[in-house]
Amino acid sequence: MRLRNIKGADEAVLKSPCCIQSPQKHKGLWQDYFGGRNPVHIEIGMGKGQFIMALAKQRPQINYLGIERYTSVLLRALQKTEPDPPANLRFLCIDARTLSDIFACGEVKRIYLNFSDPWPKDRHAKRRLTSAPFLQIYDQILDPSGTLEFKTDNRGLFDFSLEEIPAAGWRIDAFTRDLHHDPTMNEGNIMTEYEEKFSAAGNPIFKLVASR
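Draft legend 1. Region of the structure containing the pairing of strand β1 (residues 40-44). Of all five residues in β1, five are buried; the element is thus mostly enclosed. Side-chain alternation along β1 places V40, I42 and I44 on one buried face and H41 and E43 on a second face that is also buried. Note: β1 against strand β2 (residues 63-67), five bridges, orientation parallel. Counterpart to H41 in the pairing with β2 is Y64.

Structure below.
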């Protein structure tokens, strides 16, 4: 995936009080970082941050960490949150493959994956965020009773995930192929920027919830 580099994005992320530098030093101490015993939820590939920002405002009893690999994308989220970000929301600019270096075993209560890159070519399957290599990483950091929530508009990626997740030893607790017309799974749904765009175009939204 090619992204347009935005001049000054690296510097803005480095200087922002919303972005945690050297997150490895907080491994096992994330609740302490936020100053309490509230559970920690993370969104991997948060994009411009609309989803996780709305969650943080609605649920102050949860601590949220938005994870984005690219500074040019994360910059857009910073522009939305500063200068007065919610106290229970912070951002990490990291590669998801390093999650086990940043979170201790069982430290994360919920993982959100929203409209992840589908990596449609077979040779790139291991790069998909619902592939077995990533599920192994999530297994290391997710609380035993924790859940993984995944939304996409890509049917191929969703079908892949429905097979890959159980094959990796996880359980699919619920799924739908038309989220916005599923009254049970759509209850309380918060839309991402992509979700709004795709839904307005008439595309069905797929969602699943998984646990171990």
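Let's pick the thread back up.
Draft legend 2. Helix α6 (residues 132-141), seen in detail. What α6 keeps buried is the set F134, L135, I137, Y138 and I141. On an axial view of α6, the arc spanned by its buried residues comes to 155 degrees, and they lie on one face. Turning to α6, the residues buried within the fold contact β1, α5 (99-102), β4 (108-114), β5 (142-152) and α7 (155-167).

Draft legend 3. Looking closely at the packing of aromatic side chains. Inspection of every chain in the model, using the stated rule, returns 10 aromatic pairs. Where W30 meets Y33, the ring centres are 5.7 Å apart and the plane angle is 70 degrees; that geometry is what we call edge-to-face. Here the residue W30 and the residue Y33 both occupy positions in helix α2 (residues 30-34), the gap between them amounting to three residues, near one helical turn. Of the residues examined, Y33 reaches a relative accessible area of 31% and is grouped as partly exposed. An angle of 10 degrees between the planes, with centres 5.7 Å apart, marks the rings of Y194 and F198 as stacked. Placement of both Y194 and F198 in helix α8 (residues 193-200) is noted, with a separation of four residues, approximately one turn of the helix.

Draft legend 4. Expanded view of the environment of L142. Here L142 lies in strand β5. Taking the C-alpha atoms as reference, L142 lies 13 Å from E43; in sequence the two are 99 residues apart. In this view, L142 contacts G106, V108, K109, R110, I111, T147, W170 and R212; residues no more than four positions away in its chain are not counted.

Draft legend 5. Representation of the environment of Q79 in the model. Its place among the elements puts Q79 in helix α4 (residues 71-81). Distance from Q79 to L157, taken between C-alpha atoms, is 31 Å for residues 78 residues apart in sequence.

Draft legend 6. Quick look at the layout of surface pockets. Here the second largest pocket is characterised by a volume of approximately 260 Å³. Around the second largest pocket, the lining is made up of 18 residues, and of these R59, E149, E187, G188 and K207 lie nearest the centre. When contributions to the lining of the second largest pocket are tallied by element, the ones reaching two or more residues are α3 (50-58), β4, β5 and β7 (206-211). The class makeup of the residues in the lining of the second largest pocket is eight nonpolar, four polar and six charged.

Draft legend 7. Spatial organisation of α7. Taking 1.5 Å per residue as the helical rise, α7 with its 13 residues ought to reach 18 Å, and the 19 Å between its terminal C-alpha atoms agrees with that figure. The set of residues buried in α7 consists of L157, F158, F160, S161, L162 and I165. Where α7 starts, the residue carrying a side-chain oxygen 3.1 Å from the main-chain nitrogen of G156 turns out to be N154.

Draft legend 8. Expanded view of the pattern of salt bridges. Evaluation of the coordinates by the stated rule reveals 11 salt bridges. The shortest N-O distance in the salt bridge between E149 and K207 comes to 3.3 Å. Linking E149 in strand β5 with K207 in strand β7, this pair joins segments that are 58 residues apart in sequence.

Procedures and definitions
- Residues numbered from 1 in each chain as written.
- Predicted model: local features only at pLDDT ≥ 70, side-chain atom pairs only at ≥ 80, totals over all residues.
- Heavy atoms only, no water.
- Buried < 20%, exposed > 50% of the residue type's maximum accessible area, 1.4 Å probe, protein only.
- Helix = DSSP H or I, 4+ residues; strand = E, 2+ residues; numbered from the N terminus.
- Pairing = 2+ DSSP bridges.
- Arc of directions from axis to C-beta.
- Contact = heavy atoms within 4.5 Å.
- Phe/Tyr/Trp six-rings, centres within 6.5 Å; stacked < 30°, edge-to-face > 60°.
- 1 Å grid on protein atoms, 1.4 Å probe; cavity = no way out; pocket = protein on both sides within 12 Å on 5 of 7 lines; lining within 4 Å.
- Points joined across faces, edges and corners; volume = space filled by probe spheres on them.
- Nonpolar A, V, L, I, M, F, W, Y, C, P; charged D, E, K, R; others polar.
- Expected span 1.5 Å × (residues − 1).
- Polar contact = N/O pair within 3.5 Å; in protein donor to acceptor, adjacent residues only side chain to side chain.
- Salt bridge = Lys/Arg side-chain N within 4 Å of Asp/Glu carboxyl O.

The values are spatial; any link to function lies outside them.
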